[in-house]
Amino acid sequence: MAECRLIQGGEGFRGKQGLDYFSGVSAESSGSQAICMHLLEMPPGASAKPHYHEAHETVIFVLEGAAEMRHAPKLEHVMRTAAGDFVYIPPGVPHQPYNPSDEVVRAVIARTDPNEQESVILLEDVDAV
């Protein structure tokens, strides 16, 4: 029988996307098989590299601050998020979150890939913020 696990105060890591995360639940930390969840902290002016997650859904819950996210095939759409907002990103949709404000943004991120970084595909042919 599988066991319940407690993951305390996850260690920080820099993702391929260029943002800093605090480890939470993942295959590496808990043996999860179909989900990961981490805390993201984006300082003022931070921006991810344009990317997508090949075959995995992503959900974001904004805890504090306000951020923006370019999304769509050429990153032609912009979505503004604030504390209390949920964001859903389907598999394969290019996106680029960034923090244009002067406050830190904190968000919880969950993805249907238990290995946080394995499905990250960086986009080289799209202009970054």
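Position numbers for residues count from 1 along each chain, tracking the sequence in the order it is written. Totals for whole chains, interfaces and linings use every residue, but because this is a predicted model, local features are given only for residues with pLDDT of at least 70 and side-chain atom pairs only at 80 or more, for both listing and counting. The basis for every side-chain value is the complete set of non-hydrogen atoms in the structure, without hydrogens or water.

## With respect to the overall build of the chain
Operational definition: A run of H or I in DSSP becomes a helix once it reaches four residues, and a run of E becomes a strand once it reaches two; helices and strands are each numbered from the N terminus. We take the radius of gyration over the C-alpha atoms and set the globule estimate at 2.2 Å times the residue count to the 0.38 power. For every residue, the accessible area (1.4 Å probe, protein chains only) is compared with the maximum for its type, and the residue is labelled buried under 20%, exposed over 50%, or partly exposed between those bounds. Methods summary: accessible areas were calculated by the Shrake-Rupley approach with a probe of 1.4 Å, and residue burial reflects only the protein chains presented. His is not counted here, nor are the chain ends, while Lys and Arg score as positive and Asp and Glu score as negative. We put the charge of a Lys on NZ, of an Arg on CZ, of an Asp on CG and of a Glu on CD.
Check the secondary structure of the chain and you find one helix and 11 strands. When the helices and strands of the chain are read in sequence order from the N terminus, they spell out β-β-α-β-β-β-β-β-β-β-β-β. Against the compact-globule benchmark of 14 Å for 129 residues, the chain has a radius of gyration of 14 Å, which places it among compact chains. Summarising its shape, the C-alpha atoms of the chain cover approximately 45 × 30 × 25 Å along the three principal directions. Counting over 129 residues, the chain shows a buried share of 42%. Counting only carbon and sulfur atoms, one obtains 55% of the accessible surface of the chain, whose full area is about 7200 Å². Charged side chains of the chain number 9 positive and 19 negative; the gap between the two group centres comes to 3 Å.

## Some thoughts on the nonpolar core
Convention followed: Remark: nonpolar core denotes a set of buried residues (Ala, Val, Leu, Ile, Met, Phe, Trp, Tyr, Cys) joined through side-chain atoms within 4.5 Å. Working rule for contacts: check all heavy atoms of both residues, and any pair within 4.5 Å makes them a contact.
Among the nonpolar cores identified, the biggest contains 15 residues, and L19, L40, M42 and I60 are the most heavily contacted of them. If you list the elements that add at least two residues to this core, you get β3 (36-42), β5 (58-64), β6 (66-71), β8 (86-89) and β10 (105-111). Setting aside residues no more than four positions away along its own chain, I60 makes contact with D85, F86, V87, I89, A107, V108 and I109.

## Things to note about the pattern of salt bridges
What counts here: Only one rule defines a salt bridge in this text: a Lys or Arg side-chain nitrogen within 4 Å of an Asp or Glu carboxyl oxygen.
Summed over the entire model, instances satisfying the criterion amount to four salt bridges. With a closest N to O distance of 3.0 Å, E64 and R106 form a salt bridge. Linking E64 in strand β5 with R106 in strand β10, this pair joins segments that are 42 residues apart in sequence. Judged by its relative accessible area of 25%, R106 is partly exposed. The shortest N-O distance in the salt bridge between R80 and E68 comes to 3.5 Å. Note that R80 is positioned in strand β7 (residues 77-82) and E68 in strand β6, a separation of 12 residues in sequence. Because the salt bridges share partners, they merge into one network encompassing E41, E64 and R106.

## Topic: the environment of G31
By secondary structure assignment, the location of G31 is in the loop between α1 (27-30) and β3. Exposure remark for G31: the relative accessible area of 43% places this residue in the partly exposed category.

## Here we look at the side chain of H95
Condition: Any pair of N or O atoms that falls within 3.5 Å is considered a polar contact. Within protein, one atom must be able to donate a hydrogen and the other to accept it, and sequence-neighbouring residues count only if both atoms are side-chain atoms.
For H95, the location among the structural elements is in strand β9 (residues 95-98). A distance of 2.8 Å separates the side chain of H95 from the backbone oxygen of V93, its partner in a polar contact. Discounting residues that sit within four places of it in the chain, H95 has contacts with K49, P50, H51, Y52, H53, M69, R70, H71, L75 and I89.

## Observations regarding the packing of aromatic side chains
Counted only if it meets this: Only Phe, Tyr and Trp rings take part, Trp by its six-membered ring, and two of them pair if their centres are within 6.5 Å. Stacked means planes under 30 degrees apart, edge-to-face means over 60, and tilted covers everything else.
In the structure shown here, the tally under the stated rule is two aromatic pairs. On the basis of an interplanar angle of 20° and a centroid distance of 5.4 Å, the ring pair of F13 and Y21 is categorised as stacked. Given the relative accessible area of 23%, F13 is considered partly exposed. Measuring from centroid to centroid gives 4.6 Å for F61 and F86, while their planes differ by 45°, and the two rings are tilted. Here F86 lies in strand β8 and F61 lies in strand β5, a separation of 25 residues in the sequence. Classification of F86 as exposed rests on a relative accessible area of 63%.

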